[in-house]
Amino acid sequence: MKIDKVTYEVDLSDGDKRPIYVWEAPVRVWHWLMVVTMFTMIVTGYLIGRPLDANLGNTWATFQFADIRMIHFIAGICFTGLFVYRIFWAFMGNRYAHQIFLPPFWSFKFLKGIWDQALYYLFIKKTSPEYAAHNPLAATAMFGFFVLGSFCIIITGLALYGQPYGAGSGWDIMTGWVFALFGDNAQAVRTFHHALMYVFTLFMVAHFYMAAREDIMGGGIGIRPYRKEDDSTSCDYCPYHAVCRFDPRLGQEYRNLKELTDDEVYTNLRSRYPEKE
């Protein structure tokens, strides 16, 4: 197995198909925390731009709007912290951790991969190379929509949050330049910040589509329950047999699991991931 150092394209011509450790545990945890905070920001951001109730009448009757804003602020601060953490992990993680921050646009092979992958997602091209990490199109989308989009939504969000503190405040010193970029038009900053919400929504939809399509077209939906040495299987307590229709009499096979000692487990891990020692 050979992995291209620039595009991370995997060459399987030698028949070596061993697993590759790509996304480390901190990246996986970060990913799902970002999903929660991003979803929270999108929902509360939409409600801020389109409130449930008109802000008329008694204050206590419409105070839920303040609760929505507070949830939005908390989610935004968490999102910012997670984004900073991801930058940190780009330096501390493995060689795949920095891919979304610095796509190799200087590589013709990478640029061609963007076009080829787009044709593949549009069902114009039937096959696509295997990649160890993000494919070129996914890496470009992560950089453009997520990395740059996150930076823009963070600085505009912080600027809007600090605006009520007034000129000369610490917030004004840190984020006042954002308003200057928009001609000192606060409404333009709000509109841009709100528009990014729709960009992130489209990004999430596209991300779900690409991930689901890759699993389906890549054959990642195989039904292969395990079987232990004592002949017990994962099907013994599974209530979904009528759905998966797994039947070894039809030639379908179990994944036979061998009982391993602790030493055997450690030996296997060291042989598969020597770079982690």
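Keep in mind that what you see is a predicted model, and the values were worked out from it rather than measured.

**Q** What is the right way to read the overall build of the protein from this model?
**A** A count of helical and extended segments in the protein gives eight helices and five strands. Written out in order from the N terminus, the α and β elements of the protein read β-β-α-α-α-β-α-α-α-β-α-β-α. For the C-alpha atoms alone, the extent of the protein along its principal axes is close to 70 × 50 × 45 Å. The proportion of buried residues among the 277 residues of the protein is 31%.

**Q** Explain the sheet that holds strand S2 (residues 9–11) to me, please; I cannot follow it from the model alone.
**A** Sheet strands pair by backbone hydrogen bonding; their relative direction is either parallel or antiparallel. Ordered by their spatial adjacency, three strands build an open sheet running S1-S2-S3, and the pairing between neighbours is antiparallel. What marks the edges here is a single partner per strand, and that holds for strand S1 (2–3) and strand S3 (130–131). Sheet topology note: the S2/S3 ladder contains two bridges and is antiparallel. Considered in S3, the bridge of Val10 is made with Glu130.

**Q** Could you clarify how one ought to interpret the environment of Tyr85 in this entry?
**A** Inspection of the secondary structure assignment puts Tyr85 in helix H2 (residues 64–92). Here the alpha-carbon distance between Tyr85 and Pro26, two residues 59 residues apart in the chain, equals 9.8 Å.

**Q** Could you clarify how one ought to interpret the packing of aromatic side chains in this entry?
**A** For the structure shown, the criterion picks out 16 aromatic pairs. Arranged with centres 5.9 Å apart and planes meeting at 65 degrees, the rings of Phe105 and Phe143 form a pair that is edge-to-face. Pair noted here: Phe105 is in the loop between H2 and helix H3 (108–121) and Phe143 is in helix H4 (residues 136–162), with a separation of 38 residues, a long-range link. Site record: aromatic cluster; members linked through ring pairs are Trp30, Phe83, Phe145, Phe146 and Phe203. The ring of Trp30 has Arg86 lying over it, and the distance from NZ or CZ to the ring centre is 5.1 Å.

**Q** For this particular structure, what's the right way to read the packing of helix H1 (residues 25–49) against helix H6 (residues 186–217)?
**A** Packed helices, taken two at a time, are described by the angle between their axes plus the distance between the axes. Running from N to C, H1 and H6 cross one another at 135 degrees; their axes reach a closest spacing of 10 Å. Judged by the inter-axis angle, H1 sits oblique to H6. Two packed elements cross with a definite hand, and for H1 against H6 that hand is left-handed. In contact with His31, Met38, Ile42, Gly45, Tyr46 and Gly49 of H1, H6 contributes His194, Met197, Tyr198, Phe200, Thr201, Met204 and His207. Residues that form the contact of H1 with H6 fall into these classes: seven nonpolar, six polar and no charged.

**Q** Sorry, what's going on with the pattern of salt bridges here?
**A** When the charged atoms of two side chains with opposite charge come close together, those side chains can pair. The final tally for this structure, using the stated rule, is four salt bridges. Lys109 is the partner of Glu9 in a salt bridge, and the nearest nitrogen-oxygen pair spans 3.6 Å. Taken together, the residues span a long stretch of sequence, with Glu9 in strand S2 and Lys109 in helix H3 at a distance of 100 residues. Note on Glu9: relative accessible area 23%, which makes it partly exposed. Overall, the relative accessible area of 40% leaves Lys109 in the partly exposed class. Note that Lys125 and Asp116 form a salt bridge whose closest N and O atoms lie 3.6 Å from each other.

**Q** Which parts of the structure should I look at to understand H3?
**A** Over its 14 residues, H3 runs 20 Å from end to end, which matches the ideal 20 Å to within 8%, given 1.5 Å per residue. Looking only at H3, the buried set comprises Phe110, Gly113, Ile114, Asp116, Gln117, Leu119, Tyr120 and Tyr121. The inward-facing, buried residues of H3 contact S3, H4 and H6. Looking one or two places after H3, you find Phe123, whose phi comes out positive at around 65 degrees.

**Q** Would you take a moment to explain the side chain of Ser150 for this structure?
**A** With respect to the secondary-structure elements, Ser150 resides in helix H4. Given the relative accessible area of 0%, Ser150 is considered buried. For Ser150, the contacting residues outside a window of four places in its chain are Phe79, Phe83, Phe145 and Phe200.

**Q** Help me understand the nonpolar core in this model?
**A** Soluble globular proteins: nonpolar side chains tend toward being buried together. By size, the foremost hydrophobic cluster in this structure holds 25 residues, and its most contacted members are Met38, Phe79, Phe146 and Phe200. Sorting the residues of this core by element identifies H1, H2, H4 and H6 as the ones contributing at least two each. Discounting residues that sit within four places of it in the chain, Phe146 has contacts with Trp30, Met34, Met38, Phe79, Phe83, Ile100, Ala141, Phe200 and Phe203.

**Q** What exactly am I supposed to notice about the environment of Phe63 here?
**A** Mapped onto the elements of the fold, Phe63 is located in the loop between H1 and H2. Classification of Phe63 by relative accessible area gives partly exposed; the value is 48%. C-alpha of Phe63 to C-alpha of Ala167: the two residues are 104 residues apart in sequence and 28 Å apart in space.

Procedures and definitions
Residues numbered from 1 in each chain as written. Predicted model: local features only at pLDDT ≥ 70, side-chain atom pairs only at ≥ 80, totals over all residues. Heavy atoms only, no water. Helix = DSSP H or I, 4+ residues; strand = E, 2+ residues; numbered from the N terminus. Buried < 20%, exposed > 50% of the residue type's maximum accessible area, 1.4 Å probe, protein only. Pairing = 2+ DSSP bridges. Phe/Tyr/Trp six-rings, centres within 6.5 Å; stacked < 30°, edge-to-face > 60°. Lys NZ or Arg CZ within 6 Å of the ring centre and 35° of its normal. Axes fitted to C-alpha atoms, helices over the stretch in contact; angles between N-to-C directions. Parallel < 35°, antiparallel > 145°, perpendicular 65-115°, else oblique. Left-handed = near helix turned anticlockwise from the far one by under 90°. Contact = heavy atoms within 4.5 Å. Nonpolar A, V, L, I, M, F, W, Y, C, P; charged D, E, K, R; others polar. Salt bridge = Lys/Arg side-chain N within 4 Å of Asp/Glu carboxyl O. Expected span 1.5 Å × (residues − 1). Core = buried A, V, L, I, M, F, W, Y, C linked by side-chain atoms within 4.5 Å.

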